[in-house]
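Structure assessment
For reference, the chains in residue letters:
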Amino acid sequence: MQFPQQVHHARTGSGIQVPGRLVGQQQRRLADDRSIDQMTRAARRIADSPGRDRGLHERIALDGPPDEVKRLADTFDLMLERLDHSFDGQRRFIANASHELRTPLTLNRTLLEIAVRRRDVSVEVRQLGETLLEINGRHERLIDGLLTLAKSDRELGELSYVDLADVVTHVAAQHPAVTTSADEAPAMGNAVLLERLVQNLVENGVRYNVPDGWVQVTSGTRPDGLVELVVTNTGPVVPPYELPGLFEPFRRLTTDRQATRMGAGLGLSIVRTVAHAHRGHVYARPRDGGGLIVKVTLPVAGPLQNQATGVGTGQDLLVHRSSA
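These remarks concern the structure in this document.

What to know about the environment of Ile 94
Note that Ile 94 resides in helix 2 (residues 68–116). Between the alpha carbons of Ile 94 and Ile 143 there is a distance of 9.3 Å; along the sequence they are 49 residues apart.

Structure follows, in structure tokens:
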């Protein structure tokens, strides 16, 4: 037999008699609401994690009776586990295949270099060897890019202090035609990957340019707790609808007739992956008169870092079509 219980009415302040059965139902509803809130928070953390598959290692691990909500949470955990294994297997395959392909390419390059440097080699054979070296070099760059993608798509591990101004100065020194304005831009991250990010942007600006064109690189710290890297170049006119595709692997401008010999098509996709791994964003827009303006923002290192930690997560490339 259910005995009535005294429940305080929130609006009138009076006490009302409610059967114990209704109190139990209300408690179960509250428990279900808490469970759903827990599932929602877990799903939101996974969705907001930087990178395409970051956060898939998390689980809801809901405790409670084996009701509909518990079964739903367990099914969600099983799905996450399968996705996590799938992405991890994909990364391992890319890394292993790239390593296996590197050895014969290195051997080919060594044999070709020896052949073209012989004193008694004919002009035709030397020209053929130099062409084969160029093709072999492109394949090596492709494999190196795949390895970088596989590495940057994983957890960054231990982070270190990196001033992007130093990286910009170092990379630009290798390209005399590049001008810089490198103000302090302190970030926390993987120094090797951040250098690769800057290097890819600069090389992309140099490679896809016009005769007597220019490339400008700037870095600095913004008041909103972000560091900023901007690479601007002259070059062919880029239609706005082409921009998102440029950051996908093996994608180039449809008007690029020299794509086969100019690169592997991984440079900008590596930039995007490295930026997202560091909780950053990549912005791109066409430059008036031709060329591109590519901007990378990352959380600043130091006191403002906590403020910027949540900036730039859970999104892909942002394309600006109007002047900044």
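There's more to say after this.
So, empty space enclosed by the protein
Considering all chains together, one arrives at two cavities of 30 Å³ or more under this definition. Put simply, the largest cavity is a space of about 60 Å³. If you trace the largest cavity, you find it lined by Leu 201, Asn 204, Gly 205, Val 231, Thr 232, Asn 233, Leu 268, Leu 292 and Val 294. At the level of elements, helix 5 (191–207), strand 7 (226–233) and strand 9 (292–299) are the ones that each hand at least two residues to the lining of the largest cavity. Classifying every residue of the lining of the largest cavity by side-chain character gives five nonpolar, four polar and no charged.

Section: a nonpolar patch on the surface
On the surface, Leu 128, Leu 132 and Ile 135 cluster together into a nonpolar patch covering about 260 Å² of accessible area. The residue Ile 135 is located in helix 3 (residues 123–152) in this model. Judged by its relative accessible area of 42%, Ile 135 is partly exposed.

Focus: the nonpolar core
Core analysis: the biggest nonpolar cluster contains 37 residues, and Leu 197, Val 198, Leu 201, Val 217, Leu 229 and Val 296 have the highest contact counts within it. Going through the elements one at a time, helix 4 (164–172), helix 5, strand 6 (215–221), strand 7, helix 6 (243–246), helix 8 (267–277), strand 8 (281–286) and strand 9 are the ones with two or more residues in this core. In terms of residues, this core owes the most to one element, helix 5, which gives six residues. In contact with Val 217, not counting residues within four places along its chain, are Val 168, Val 178, Thr 179, Thr 180, Ser 181, Val 202, Leu 229, Val 230 and Val 231. Core analysis: the second largest hydrophobic core is formed by six residues, Met 39, Ala 42, Val 69 and Ala 73 among them.

Reading the values: the criteria
- What you see as residue numbers is a count from 1 along each chain, following the sequence as written.
- Per-residue local features are limited, in this predicted model, to residues with pLDDT of at least 70; the limit for side-chain atom pairs, both in listing and counting, is 80 or more; totals at the level of whole chains, interfaces and linings are taken over all residues.
- The side-chain values count all of the structure's non-hydrogen atoms but skip hydrogen atoms and water molecules.
- Strands here are runs of E lasting at least two residues and helices are runs of H or I lasting at least four, both read from the DSSP assignment and numbered beginning at the N terminus.
- With a 1 Å grid laid over protein atoms only, a set of points is called a cavity when a 1.4 Å probe fits there but cannot get out and a pocket when it is open yet has protein on both sides within 12 Å along at least five of seven lines; lining residues have an atom within 4 Å of a point.
- Grid points are joined across faces, edges and corners, and a volume is the space filled by probe spheres set on the points.
- Under the scheme applied, nonpolar residues are Ala, Val, Leu, Ile, Met, Phe, Trp, Tyr, Cys and Pro; charged residues are Asp, Glu, Lys and Arg; polar residues are all the others, including Gly.
- Like-charged residues within 9 Å of one another, or nonpolar side chains (Val, Leu, Ile, Met, Phe, Trp, Tyr) within 5 Å, are grouped into patches, provided each residue has over 30% relative accessible area and no salt bridge.
- Only the protein chains shown count as cover for residues, and the accessible areas themselves come from Shrake-Rupley with a 1.4 Å probe.
- Whenever Lys or Arg places a side-chain nitrogen within 4 Å of a carboxyl oxygen from Asp or Glu, that contact is recorded as a salt bridge.
- Relative accessibility thresholds used throughout: buried, under 20% of the residue-type maximum; exposed, over 50%; partly exposed, between the two (1.4 Å probe, protein chains only).
- Buried Ala, Val, Leu, Ile, Met, Phe, Trp, Tyr and Cys residues form a nonpolar core when they are joined through side-chain atoms within 4.5 Å.
- Contacts are assigned to residue pairs that have any heavy atoms within 4.5 Å of one another.

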